[in-house]
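Listed here are the chains, written in short residue letters.
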Amino acid sequence: MAMDERVQSAPSHDAPRASLGDFSKGLPFLAILALSMLLPLIGNDYWALIATRASIYWILVSGLNLIVGFAGQLAIGYVALFAVGAYTASVLAAGNVLPALPPFAALGAAGVVSAAMGVVVGLPALRLRTFYFAMTTLGFATIVTQVALGWQSVTGGGIGLSGPSLPAPFDTTWGLYGLCLGLAALCTWMTANLAYSRFGRALVATRDADVAAEANGIAKPHLLIGVFLFAGAAAGVAGGLFASLQTYITPDAFTFDLSLLFFIAVLIGGRGSILGPLLGTLLLTLLPEMAAPLAAWSTFVYAALLLIIVLLMPGGIATLLDFDNRRVLSDNRVILPQPAALGQLLAAARPATGLEMEGVVLSFGGVTAIDGLDLSVQPGQVHGLIGPNGSGKTTTLNVISGYFRPQQGQMTLDGTNLPTGLPVLRAGRGVCRTFQTPRIIGAASVLQNVMVGGTITGRAGFLEAMLSLPRSLRDERAIRMRARLALQAVGLHALENVRADRLQHSELRFLEIARGLMLHPSLLLLDEPAAGLSAEEIKRLGALIKAISEHGVGVLLVEHHADLIFEICDQITVLNLGKVLARGTPAEIRMHKEVVSAYLGA
Amino acid sequence: MFASIIASGLAMGAIYALIGITYNTMFATSRVMSFTAGQLGMLGGVFGSLLMLRLGLPLVLGLPLTLLLCAGVGIVTEFVAVRPVLKSLDQHLYVLTTLAVALLIQQVTAIEWSTEPQPFPRLFELGRDAWDEKYWLPVATCAVTISALEFLYRRTLIGRAFLAVAEDNFAARALGLPERTLRVASYAMAGAIGALAGFSGGQLLLAFFANGQLLNFYGFIPVALGGLGNNRGAIIGGLALGLFQQAANFTVGGIFASVAVFVLFIVVLLVAPQGLFGAPASRRV
Amino acid sequence: MKLTRRSVALGAIASSALGTSLFRLVSPAIAQTAPIRIGWLASLTGASAAPAIGFNRGVVFAANEINAAGGVKGRQIEIVTRDTQGDPTKAVNATQELISQLKVDAIWGPTNSGESLAVTAIMTRNKMPSIHPCVVDSLIDPAKYPNAFRIAPSNTQWDDAVRNYCLNILKAKKVTVIGDTTGYGVTAANASVAAFKKAGVEIATQANIDATQPDMTADMLRARDAGAQVIVVWSVSTGMVARLLNTRATMGWDVPFVGHPSMASGDIGGLLAKPSNWEKVYAVGYRSCSYDAAGALPAHSQELVNKLQGKVNLSDSLLWWVAAGVDAINLVAQAVSTTGSSSSEAIIGHWNELAKYPGYFGAYTFSKTEHNGYPTEDVVMSAANSAKSGSFALAPGYT
């Protein structure tokens, strides 16, 4: 069954290209792993210690990277979870509260406890922005160390307690190194799986384009909780291993500096990368060792080197390694939509009866933005929404897509009620949209941006994605295939691997449409898609929109370009001061006296 | 007993508030949270002690020189740690650069000054017990500073230019305001405000290299409580923090005082996510 | 300090440092001429670095003195210093580097207990001869750590001295115990309270005060209201001690202070509102570094002070720190000189046999079963404000 599906749905060129791309992406990691495995042949116990430390730090940072580098949350205080893990493992292995557990069970328990704590520490992120959240994580870091200090009967207080000593063969320097390296490699693999799955793309979307993320059905709380659990577990296991490595832990081992090291490793590595933060972690573990012979001045030199490194590569390590995007793009690119691709993309028909809005009233404070609006968008039609600035056009789109909750009125889509508010549920109902200012993920490739639109079509869960199980791979292939089709349809397929922030404005408009097509929408909302386009491009846009509607999609088009509106719309509604001024076919509107004098004539 | 808790609480609160204002002043023109804020406070105390006790300068020379030196540190920070990373603010690399500068300052102080707290001179020999100058000096300095800032921002042309840059960087540049110069000026000003925090609190905190991290940490709380960029909020947040912290020190002891402070802080933030006096979030769509 | 400063060449550091550490290949020890390498784990720039800076002066002095005299059987002493900043993680890294990379023959330090707890097992695993001055009792256990030796008193020895002074000389029935909020401060205060209770002394109040707390009035008032006859302090924070003493003076209270050696640190002098605030403060001290009523030091100590004259500054440090630093280096040198070998078995074996080795700081005695080398009777109380070139007058009650 599964095989058949794949063969049917994947174009023949797709599979080999993807695996080649994955392989070259994995190459630097394999090289680092190979070098790490050679270390026992050339290094002594000191290098084993430093390499073990780097592995342990990376286990934590690999999880933290998803939070800081991908989701963009400033979690500065992750030493809190590291400490919780270290103490949980040590206390359980020592048998201070319960009968002593075997070391590996204690290590596992450390992961579980820290995962739970990870959610507690992370939850404020759903309510607090950047610095405020950063500060709460630091608060947790302080709380954890002070509790460790005060709770002497369990944690040993100021004089601490021994870390768990692992059984053979992990009781030797190189044995422990092997274990930590293995776990680090496992974590790298798991984070990479997550990062390059729909979950990873969704995380980046919440970071760089949270409004678009919501419109594409990405529920931030669910997503973040999954990541906090993973990062917490990784931090906990890292903490437990740290306790083994140190042989002995006291509260003063869990310093603010250590917490910053974790955070900085991600920053210096670069956002949305895995290799960058990995190299960052190695760098930050090694730099102080290189400066160590200077004794008292070593920390000074370490800080100076950090500063120099950032000044030399202000984009982080990842930008430095991004060779692909340094290639010059040709200046005279042309967007050539291929509406033929829509056939495959929009093949399966949705049972559609269209959108009905009745008596919608929305006011902000004393200002009424929409005043009793009735609107109906039929499937397979292009419906134009025009009116002067401030007449409520974009506001209407925002009501439909759930960002604004009107005080009165109701909406139905395809025969069932469309609840007001709740933008995150719109994608599931087949409502897709573009924005007046394109909301894209500048740091991700064009293809990745479009794939974000297909996030909710995935069937595999977070764990399946993390372990790269077959269902997740299938999801990925299906989403990638649709995204390529969508790009072909809008005419951007030649640019699929280019970072989106290198595109021209007009290309971004088409990119957003491609993203909107991913779900096979029953209603597509376009907010001034022609703004900033050349006359030639507007013409192609018109043809594309028309072709989309011909596949049964209802299109609601907010636009200022009268020519485009009159050329492609089946129905037009004219708004003024939040009220319907006129409605009808283009021909009728053209003849409407008030419209002509108030709007078109001008 | 209560008098001493309130006096020291208000004094520490005023110092935290001034550091909070230091953060805000740098943030306003650059959108950067600079972790040098606490180190500037530390340097205020160390320079004060160095100039007045070791070199024997009188207050009328010692204070302006301290302010000048710290303003210089502020300007250097802008050039070295802020300007190069402004282009990619959302990568938050300024956390790294400003922390590196903070670490440089701290290490040089540890080695060249001392790792033990050093005395800070009495300035006026005024007041005793709860009314001792070491308690009211930071409070008075805080009041004077905020008044001067309010005057600057609301009554003078250059102050309005600051506000314009803080409000909308691009628009301000489009208006022809010297945005870059104003940013450097704000870093100099932040240096001086940080120095004032350390100088006025010198008798309480002593001239001690480790004060930098402490002030960095606790100076951030008034910023968050008061709302980013809101100086009046920072003062109320700072004073509340100082009083609560000293009361907690007394009631639950030193180990759990910081736990109490942070539990309360997190709860307050969750109830008021923009800080107590912050502007509500702007509309997203 | 001077040594380390001179070695700073900002430009070349990273490369040369990496070069030496990466490519120093394991060479078979050429026992006759190879230098004796002593690792020195010093918290030079962390908080409370004063003792390490003091020890460092003694270390540098002793190494220079031995080398100037031709070394130990022709072998020079080489000190390899690492700044651990009081951070256990840095200490662990440095320890392993000293052992595996730099192949030191013995290690002196670390200088604070948190670091020592983390590195002791690592040194033992590598059979590294180790001497340190950290006080936490569990750090010395010849069965578990046969390689670790202490040349300073243990916390119990300090605690005994302080408690006995409170009981026998000050005749206290009710005491207040104050520690700071560091790991050491919390542990030491708890241990002290337990021992006082066991001795039948009532605890008026017990407090762990954050060393940065600007005002100690509330804690001191509480102690007075509870009827404390002595305040016992366990903290290395000079700022905190000075604040406590100033508060005592402001309150017009004459309760004696007894406790941690840092109460006698020279830094406190500058932090006091008046010199008289330092009266009736008795800090743990050592016979070897105490002068008698006539102002004379023990002869052996005086000999060291004379040697240090003009070379080492004692005015802003303590004699015992410098003396312990000198002793540490001499103990290693003497072991190599006596046994003719710098192997770890030779050094540890030699130390295990030491009886009344006449160090400047104390006469150390070790055996296979006792690695606490400092003589208990030499732990005394001294008058904290009586510093003269880093040494002290004995507290009232001692002769």
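Reading the values: rules and limits
- Residues numbered from 1 in each chain as written.
- Chains lettered and ligands numbered in written order.
- Predicted model: local features only at pLDDT ≥ 70, side-chain atom pairs only at ≥ 80, totals over all residues.
- Heavy atoms only, no water.
- Helix = DSSP H or I, 4+ residues; strand = E, 2+ residues; numbered from the N terminus.
- Rg over C-alpha atoms; globule rule 2.2 N^0.38 Å.
- Buried < 20%, exposed > 50% of the residue type's maximum accessible area, 1.4 Å probe, protein only.
- Lys, Arg positive; Asp, Glu negative; His and termini not counted.
- Charge placed at Lys NZ, Arg CZ, Asp CG, Glu CD.
- Contact = heavy atoms within 4.5 Å.
- Buried area = accessible area lost by both parts, 1.4 Å probe.
- Salt bridge = Lys/Arg side-chain N within 4 Å of Asp/Glu carboxyl O.
- Polar contact = N/O pair within 3.5 Å; in protein donor to acceptor, adjacent residues only side chain to side chain.
- Patch = residues over 30% accessible without salt bridge, like charges linked within 9 Å, V, L, I, M, F, W, Y side chains within 5 Å.
- Areas by Shrake-Rupley, 256 points an atom, 1.4 Å probe, with all protein chains shown as cover.
- Axes fitted to C-alpha atoms, helices over the stretch in contact; angles between N-to-C directions.
- Parallel < 35°, antiparallel > 145°, perpendicular 65-115°, else oblique.
- Left-handed = near helix turned anticlockwise from the far one by under 90°.
- Nonpolar A, V, L, I, M, F, W, Y, C, P; charged D, E, K, R; others polar.
- Expected span 1.5 Å × (residues − 1).
- Core = buried A, V, L, I, M, F, W, Y, C linked by side-chain atoms within 4.5 Å.
- Domains from an automatic or database assignment.
- Phe/Tyr/Trp six-rings, centres within 6.5 Å; stacked < 30°, edge-to-face > 60°.
- Lys NZ or Arg CZ within 6 Å of the ring centre and 35° of its normal.
- Pairing = 2+ DSSP bridges.

## A short note on the overall build of chain B
No. 1: On a plain count of helices and strands, chain B comes out with eleven helices and zero strands.
No. 2: Moving toward the C terminus, one meets the helices and strands of chain B in the order α-α-α-α-α-α-α-α-α-α-α.
No. 3: Whereas a compact globule of 285 residues would reach a radius of gyration of roughly 19 Å, chain B reaches 18 Å, a difference of no more than 12%.
No. 4: Taking the principal axes of its C-alpha atoms as reference, chain B extends roughly 55 × 45 × 35 Å.
No. 5: Across the 285 residues that make up chain B, the buried fraction comes to 62%.
No. 6: For chain B, the distance from the average site of its 16 positive side-chain charges to the average site of its 12 negative ones is 9 Å.

## Section: the interface of chain B and chain A
No. 1: If you look at the interface, chain B gives 49 residues, while chain A gives 50 residues.
No. 2: Interface area, chain B with chain A, both sides summed: about 4600 Å², of which 75% is carbon and sulfur.
No. 3: Looking at the side of chain B facing chain A, the largest losses of area belong to B:Leu96, B:Arg284 and B:Val285, adding up to 15% of the total buried there.
No. 4: At the boundary of chain B and chain A, one finds one salt bridge.
No. 5: For B:Asp90, the salt bridge goes to A:Arg271, with nearest N and O atoms at 3.7 Å.
No. 6: Linking chain B with chain A are seven residue pairs in polar contact (both at pLDDT 80 or more), by the criterion used here.
No. 7: At the level of elements, helix H4 (93-112), helix H10 (211-226) and helix H11 (231-271) of chain B are the ones that each hand at least two residues to the side of chain B that touches chain A.

## Considerations on a nonpolar patch on the surface
No. 1: A surface patch of nonpolar side chains, about 490 Å² in accessible area, is lined by A:Leu35, A:Leu38, A:Leu41 and A:Ile42.
No. 2: The exposure class of A:Leu41 is exposed, given its relative accessible area of 69%.

## Comments concerning the packing of helix H20 (residues 470-490) of chain A against helix H21 (residues 505-517) of chain A
Residues and elements named next belong to chain A.
No. 1: Close contact between H20 and H21 brings their axes to 9 Å; oriented N to C, the two are set at 135 degrees. Taken together, H20 and H21 sit at an angle that is classed as oblique. Every pair of crossing elements has a handedness; the one defined by H20 and H21 is right-handed. Across from Arg482, Ala486, Leu487 and Val490 in H20, the residues of H21 making contact are Phe510, Leu511, Ile513, Ala514 and Leu517.
No. 2: Each residue belonging to the contact of H20 with H21 can be placed in one class, and the counts come to eight nonpolar, no polar and one charged.

## Points about helix H5 (residues 103-122) of chain A
Residues and elements named next belong to chain A.
No. 1: Here H5 contains 20 residues, and its C-alpha end-to-end distance of 28 Å stays within 8% of the 28 Å for a straight helix at 1.5 Å per residue.
No. 2: Residues of H5 that are buried: Pro103, Ala106, Leu107, Ala109, Ala110, Gly111, Ser114, Ala115, Gly118, Val119, Val121 and Gly122.
No. 3: For H5, the elements touching its buried residues are helix H4 (79-94), helix H6 (130-150) and helix H11 (220-246).

## Considerations on the nonpolar core
No. 1: By size, the foremost hydrophobic cluster in this structure holds 324 residues, and its most contacted members are A:Tyr78, A:Phe82, A:Phe254, A:Phe262, C:Phe257 and C:Phe361.
No. 2: Residues in contact with A:Phe254, not counting those within four places in the same chain, are A:Val79, A:Phe82, A:Ala83, A:Ala86, A:Tyr87, A:Thr145, A:Phe242 and A:Ile249.

## Digging into the domain arrangement of chain A
All names here are of chain A.
No. 1: Split into domains, chain A comes out as domain 1 (42-256) and domain 2 (339-600).
No. 2: One C-alpha centre belongs to domain 1, the other to domain 2; they are set 42 Å apart.
No. 3: Facing 26 residues of domain 1, the contacting portion of domain 2 comprises 31 residues.
No. 4: Taken over both partners, the interface formed by domain 1 and domain 2 buries close to 2500 Å², and the fraction arising from carbon and sulfur atoms is 65%.
No. 5: Looking at the side of domain 1 facing domain 2, the largest losses of area belong to Arg198, Arg201 and Asn216, adding up to 30% of the total buried there.
No. 6: The interface formed by domain 1 and domain 2 contains one salt bridge.
No. 7: Two residues, Glu476 and Arg201, come together in a salt bridge whose shortest N-O distance is 3.1 Å.
No. 8: The interface formed by domain 1 and domain 2 holds eight residue pairs in polar contact (both at pLDDT 80 or more) in total.

## Concerning the interface of chain C and chain A
No. 1: Facing 41 residues of chain C, the contacting portion of chain A comprises 35 residues.
No. 2: Buried area between chain C and chain A, both sides added, is near 3300 Å², and the carbon and sulfur share of it is 62%.
No. 3: For the pair chain C and chain A, the number of links is ten residue pairs in polar contact (both at pLDDT 80 or more).
No. 4: Among the elements of the structure, helix H1 (2-6), helix H2 (13-23), strand S2 (77-83), helix H4 (88-101), helix H5 (113-125) and helix H7 (183-198) of chain C are those that each provide at least two residues to the side of chain C that touches chain A.
No. 5: Residues that form the side of chain C that touches chain A fall into these classes: 16 nonpolar, 18 polar and seven charged.

## Let's talk about the packing of aromatic side chains
No. 1: One pass over the structure, following the stated rule, counts 40 aromatic pairs over all chains.
No. 2: Ring geometry for A:Tyr87 against A:Phe254: centres 5.9 Å apart, planes inclined by 45 degrees, an arrangement best described as tilted. Taken together, the residues span a long stretch of sequence, with A:Tyr87 in helix H4 and A:Phe254 in the loop between strand S2 (248-249) and helix H12 (256-269) at a distance of 167 residues. Here A:Tyr87 matches A:Phe254 in class, with each residue buried.
No. 3: Geometrically, the ring pair formed by A:Trp174 and A:Tyr177 is edge-to-face, given 5.5 Å between the ring centres and 80 degrees between the ring planes. Taken together, the positions of A:Trp174 and A:Tyr177, both in helix H8 (residues 173-195) and three residues apart, correspond to about one turn of that helix.
No. 4: With a relative accessible area of 3%, A:Tyr177 lands in the buried category.
No. 5: One aromatic cluster is present, formed by C:Trp40, C:Phe55, C:Trp108, C:Tyr286, C:Trp320, C:Trp321, C:Tyr357, C:Phe361, C:Tyr364 and C:Tyr374 through successive ring pairs.
No. 6: The side chain of A:Lys25 reaches across the aromatic face of A:Tyr196, ending 4.5 Å from its centre.
No. 7: Between B:Arg83 and the ring centre of B:Phe79, over which it is positioned, the NZ or CZ distance is 4.4 Å.

## Description of the sheet that holds strand S5 (residues 148-150) of chain C
Strand-to-strand pairing in sheets goes through backbone hydrogen bonds, with the strands running parallel or antiparallel.
Residues and elements named next belong to chain C.
No. 1: Strand order in the open sheet made by the five strands is S2-S1-S3-S4-S5, with parallel pairing throughout. The open sheet has two edge strands, S2 and S5, and neither has a second partner. Mean inter-strand twist for the sheet, computed between neighbouring axes without regard to direction, equals 20 degrees.
No. 2: With two bridges joining them, strand S3 (residues 106-108) and strand S4 (residues 130-132) adopt parallel strand pairing.

## Some words on the pairing of strand S6 (residues 408-413) of chain A
All names here are of chain A.
No. 1: Note that strand S3 (residues 355-364) and S6 share five bridges and pair antiparallel. Paired with Met357 across the bridge in S6 is Met411.
No. 2: Strand direction decides the pairing type here: S6 and strand S7 (residues 416-417), joined by two bridges, are antiparallel. Residue Thr412 lies in a different strand from S7, and its bridge partner there is Asn417.
No. 3: Following S6, the chain reverses through two residues before pairing antiparallel with S7; Asp414 in that reversal takes a positive phi of roughly 50 degrees.

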